[in-house]
Every structure is written in C-alpha cells, then in structure tokens.
Amino acid sequence: MYRGHYKVRWLFFVTGLTIMGAGIAMMLRGSQFGLSSWDVFHYGLWKNLGLSIGMWSIIIGLIIIFITFLLNREWPKIGVYVNMLTLGIFIDVFNHILPEVHGTFMQLVVYIIGVTILTFGIALYITPQLGAGPRDSFMMLLVERTPMDLKTARTFMEVVVMVAGYLLGGPVSVGTIIVTFAMGPLIQLWLPHTRQLLNRYAAEVDI
C-alpha cells in the first residue's frame, strides 16, 4: 500500500470522528426532541453521576472494548482506542464552542442536521477500516456472530441502550425513536458514497 494511501485513510478516519462530535453536539442543542440512544445513556450517566457527556462516552467505550475482547479473544486495532478517546473529546469541545439554539423550529433544524452529519461521520470513519469505535466494533461482531445484518444489529443495540438511558433519566422523545430505527439504514446508505470518496482520493495521491 502506498504511503499516501495510508495518510488518506487516517485523514478520513479523523475527519469522520470530528464530524461525529459536531453532529452529537448539534443534537444536544435540540435535546427536547430526544437524543440518540447512546447519548441518552451518556446523558443519564452525566445527570446522575457528574463528569461530562464526552467523558462518559470514553468510559463506556472502555467497558465495551473489554466485553468485545472477552467475546472475540482479540484486542482491537489501535483505531478503536483513537476513536474512543478522540470522539469523547470532540463531543465536549463542540458542546462547549457551539452556541445555544433558541426556538423550537431552529432546534429542530439543528437536530436534523446533527443526525444527518452524525451518520455520515460514522460511515466516513468506518470506511478506511482502521478500527471502528468500540460500539461499532461490537456491532460488527454481532453481524459476524449472529444472523443479524448491519441494520438489525445496529437497531438492536440502539433499543437496548435507549431503554437503559431512559431509566437513568436521559431525554427520550419522538426523535430518539426515529433515530433509533433510522441510524442503521442511514449509515448503510452513506457507506457506498464514503467508499467511493476514499477510493477516489487514494487513487489521486497514488498517482
């Protein structure tokens, strides 16, 4: 593999994480519509135990990495650890720098944009195969070990953590339900495009 190709893969990986952090922070601006399942869970933990939403993202990621290791008997790629640490940081950074949004309509607009770029960011960082995040690594393990396809595995995970987050007092509303069942299909919709982008830019730097 050409050195330039490897750099492009890491560029896609980090850019995807950055976009995800921005998407989550934007959804937090419209939390009255309900957060995504994992962020309902992180929000509930933050509400009950303190720290920050980004920090709980990191802590839960560590736990999932350990569970995945127990099931797979293989430590994940370095990209999984990079994902776990940087995504939590990006969530807190964007949550700090993005302005608050006022008015139900504007919050809804920002929320929808957040969902859209979040799923695009997930597809973008999965594409270079440098190590999906802890949650997505576990999702891919479910796909490999069970009859579930990607959409079903993602939806199953989203429902479980949504219920746990709700019990902790996280914001669950109609948006949460929609995102729970739309996340997997949206990621699957983005993947062909992100793969095409990667192949195009990798070919350009290899010339």
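Residues numbered from 1 in each chain as written. Predicted model: local features only at pLDDT ≥ 70, side-chain atom pairs only at ≥ 80, totals over all residues. Heavy atoms only, no water.

What follows covers the overall build of the protein chain. When its secondary structure is counted, the protein chain shows 8 helices and 0 strands. The C-alpha atoms of the protein chain give a radius of gyration of 17 Å, which matches the 17 Å a tight globule of 207 residues would have. Burial status across the protein chain gives 48% buried among its 207 residues. If you sum the accessible surface of the protein chain, you get close to 10,400 Å²; carbon and sulfur atoms cover 70% of it. Separation between the mean location of the 13 positive side-chain charges and that of the 10 negative ones in the protein chain comes to 3 Å. (Helix = DSSP H or I, 4+ residues; strand = E, 2+ residues; numbered from the N terminus. Rg over C-alpha atoms; globule rule 2.2 N^0.38 Å. Buried < 20%, exposed > 50% of the residue type's maximum accessible area, 1.4 Å probe, protein only. Areas by Shrake-Rupley, 256 points an atom, 1.4 Å probe, with all protein chains shown as cover. Lys, Arg positive; Asp, Glu negative; His and termini not counted. Charge placed at Lys NZ, Arg CZ, Asp CG, Glu CD.)

A word on the UniProt feature "transmembrane region" (unreviewed entry) in the protein chain. Under the feature "transmembrane region" (unreviewed entry), the UniProt entry names residues 10–29, 49–71, 78–98 and 104–127. As annotated, residues 10–29 comprises 100% helix and 0% strand, and the C-alpha atoms at either end are separated by 29 Å. Within residues 49–71, the helical portion is 87% and the strand portion 0%, while the C-alpha atoms at the span's ends are 29 Å from each other. (UniProt positions renumbered as here; feature names shortened; annotations may be inferred.)

Here helix α3 (residues 53–72) crosses helix α6 (residues 134–145) at 30 degrees, and the two axes come no closer than 8 Å. Classified by the angle their axes make, α3 and α6 are roughly parallel. Here α3 runs over α6; the crossing is left-handed. Where α3 abuts α6, its residues S57, I60, G61, I64, I65, I67, T68, L71 and N72 lie against P134, R135, F138, L141 and R145. A per-class count over the contact of α3 with α6 returns 8 nonpolar, 4 polar and 2 charged. (Axes fitted to C-alpha atoms, helices over the stretch in contact; angles between N-to-C directions. Parallel < 35°, antiparallel > 145°, perpendicular 65-115°, else oblique. Left-handed = near helix turned anticlockwise from the far one by under 90°. Contact = heavy atoms within 4.5 Å. Nonpolar A, V, L, I, M, F, W, Y, C, P; charged D, E, K, R; others polar.)

Attention shifts here to the environment of L85. Positionally, L85 belongs in helix α4 (residues 78–97). Residue classification places L85 among the partly exposed positions, given a relative accessible area of 43%. When the C-alpha atoms of L85 and G133 are compared, they prove to be 9.6 Å apart, with 48 residues separating the residues in sequence.

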